[in-house]
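Next come the chains, spelled out residue by residue.
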Amino acid sequence: RQNHTSAVQNDRVLRVRDQLSCLRNRVFTTGRNLKVNRFGDFDVDHLGPVVTRYVDLRRARQTMRLGDHAALTAACTAGRPVIPVFIYDELTDAMGAAPKMRLGLSVTDLNGSLAQKGSRLILRRGKALDVLRDLIAQTGAGAVYWSRLCDPQSRERDTTLKAALKDDGIVAESFEGHVLFEPWTVATKTGGFYKVYTPMWKSVRNRAVPAALPAPG
């Protein structure tokens with residue numbers, strides 16, 4: 001009984017920590033688990049598609065799944081070959097040990113899922129724009145698609161990235177899918193972010209949620 005009580009308490013502590021972490025980042029997660037493997041000397045960054053006349057480059061980012069993935073669906077729908085890419089950049093490098101461990105497991109799991117489809121995950125290390133420009137030069141890709149993240153640092157990086165790629169004549173598009181409701185669609189009556197979980201939940205609990213996208217064949 002004592003062990004059971006302790007386990008319940010530990011579970012509550014973990015759930016509270018998760019809620020506080022989401023509130024601090026002003027991002028409310030989907031509840032989907034991310035699985036990953038240690039990076040070690042991996043060359044990685046973020047996943048996302050890039051499309052060309054012949055090739056699509058897909059940046060995997062932290063949306064480590066094939067199903068319910070709007071960016072991947074868009075890349076595959078374009079009718080061109082898709083190159084899944086994960087870039088380990090300075091924002092990824094700044095993550096703590098536990099998030100890196102989970103991310104590593106997810107990268108490994110994603111690569112296994114891609115292998116079952118006859119594809120594989122390309123791993124690169126460096127600044128996202130430099131890496132993508134290099135891959136575009138190597139493959140002739142004409143478009144890049146990715147799932148957007150919502151934290152300020154990622155948004156700043158991706159805004160700069162998107163503008164630079166468009167200046168290069170590359171199609172660059174980001175898609176929702178990292179969170180269930182993107183932060184700018186969940187606002188208080190005064191237009192700010194929620195700082196308490198319960199009012200936030202009451203504001204979104206009756207919202208319709210789109211059906212999950214199937215994994216591309």
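Quick caveat: nothing in here was measured; it's all calculated off a predicted structure.

(A) Up close: helix H4 (residues 97–116). Relative to the 28 Å expected for 20 residues at 1.5 Å per residue, H4 spans 29 Å between its end C-alpha atoms, a close match to the ideal helical length. For H4, the set of buried residues is Lys100, Leu103, Gly104, Ser106, Val107, Leu110 and Leu114. Positioned one or two residues after H4, Gly118 has a phi angle of 80°, which is positive.

(B) Representation of unusual backbone geometry in the model. The phi dihedral of Asp68 falls on the positive side, at around 55°, and the residue is not glycine. Along the chain, Asp68 falls in the loop between strand E2 (56–59) and helix H2 (70–77). A relative accessible area of 18% places Asp68 in the buried class.

(C) Geometry of the nonpolar core. Val85, Ile87, Leu132, Ile136, Val144 and Leu165 are the most contacted members of the largest nonpolar core, which totals 16 residues. Listed by contribution, the elements that provide at least two residues to this core are strand E3 (82–88), helix H5 (128–139), strand E5 (143–147) and helix H6 (152–167). Tallying contributions element by element places H5 first for this core, with five residues. By size, the runner-up hydrophobic cluster in this structure holds nine residues, among which are Met64, Phe86, Val107 and Leu114.

(D) Geometry of the pattern of salt bridges. According to the stated counting rule, one finds five salt bridges in the structure shown. It is possible to trace a salt-bridge network through shared partners that takes in Asp89, Arg157 and Asp158.

(E) Inspection of the pairing of E3 at higher detail. Counted residue by residue, E3 has six buried out of seven residues, so it is predominantly covered. Examined bridge by bridge, E3 and strand E4 (residues 122–125) share four bridges and lie parallel to one another. When the sheet's bridge partners are listed, Val85 is paired in E4 with Ile122.

(F) Structural detail: H6. Helix length check: H6 (16 residues) gives 23 Å between terminal C-alpha atoms against 22 Å at 1.5 Å per residue, within 8%. Those residues of H6 that fall on the buried side of the exposure criterion are Ser154, Arg157, Asp158, Leu161, Ala164 and Leu165. Projected down its long axis, H6 carries its buried residues within an arc of 130°, all on one side. What points out from H6, more than 90 degrees from its buried face, is the exposed set Pro152, Glu156, Thr159, Thr160 and Asp167. After H6 finishes, the residue Gly169 shows a positive phi value of roughly 85°.

Cut-offs used in this document
- Residues numbered from 1 in each chain as written.
- Predicted model: local features only at pLDDT ≥ 70, side-chain atom pairs only at ≥ 80, totals over all residues.
- Heavy atoms only, no water.
- Helix = DSSP H or I, 4+ residues; strand = E, 2+ residues; numbered from the N terminus.
- Expected span 1.5 Å × (residues − 1).
- Buried < 20%, exposed > 50% of the residue type's maximum accessible area, 1.4 Å probe, protein only.
- Core = buried A, V, L, I, M, F, W, Y, C linked by side-chain atoms within 4.5 Å.
- Salt bridge = Lys/Arg side-chain N within 4 Å of Asp/Glu carboxyl O.
- Pairing = 2+ DSSP bridges.
- Arc of directions from axis to C-beta.

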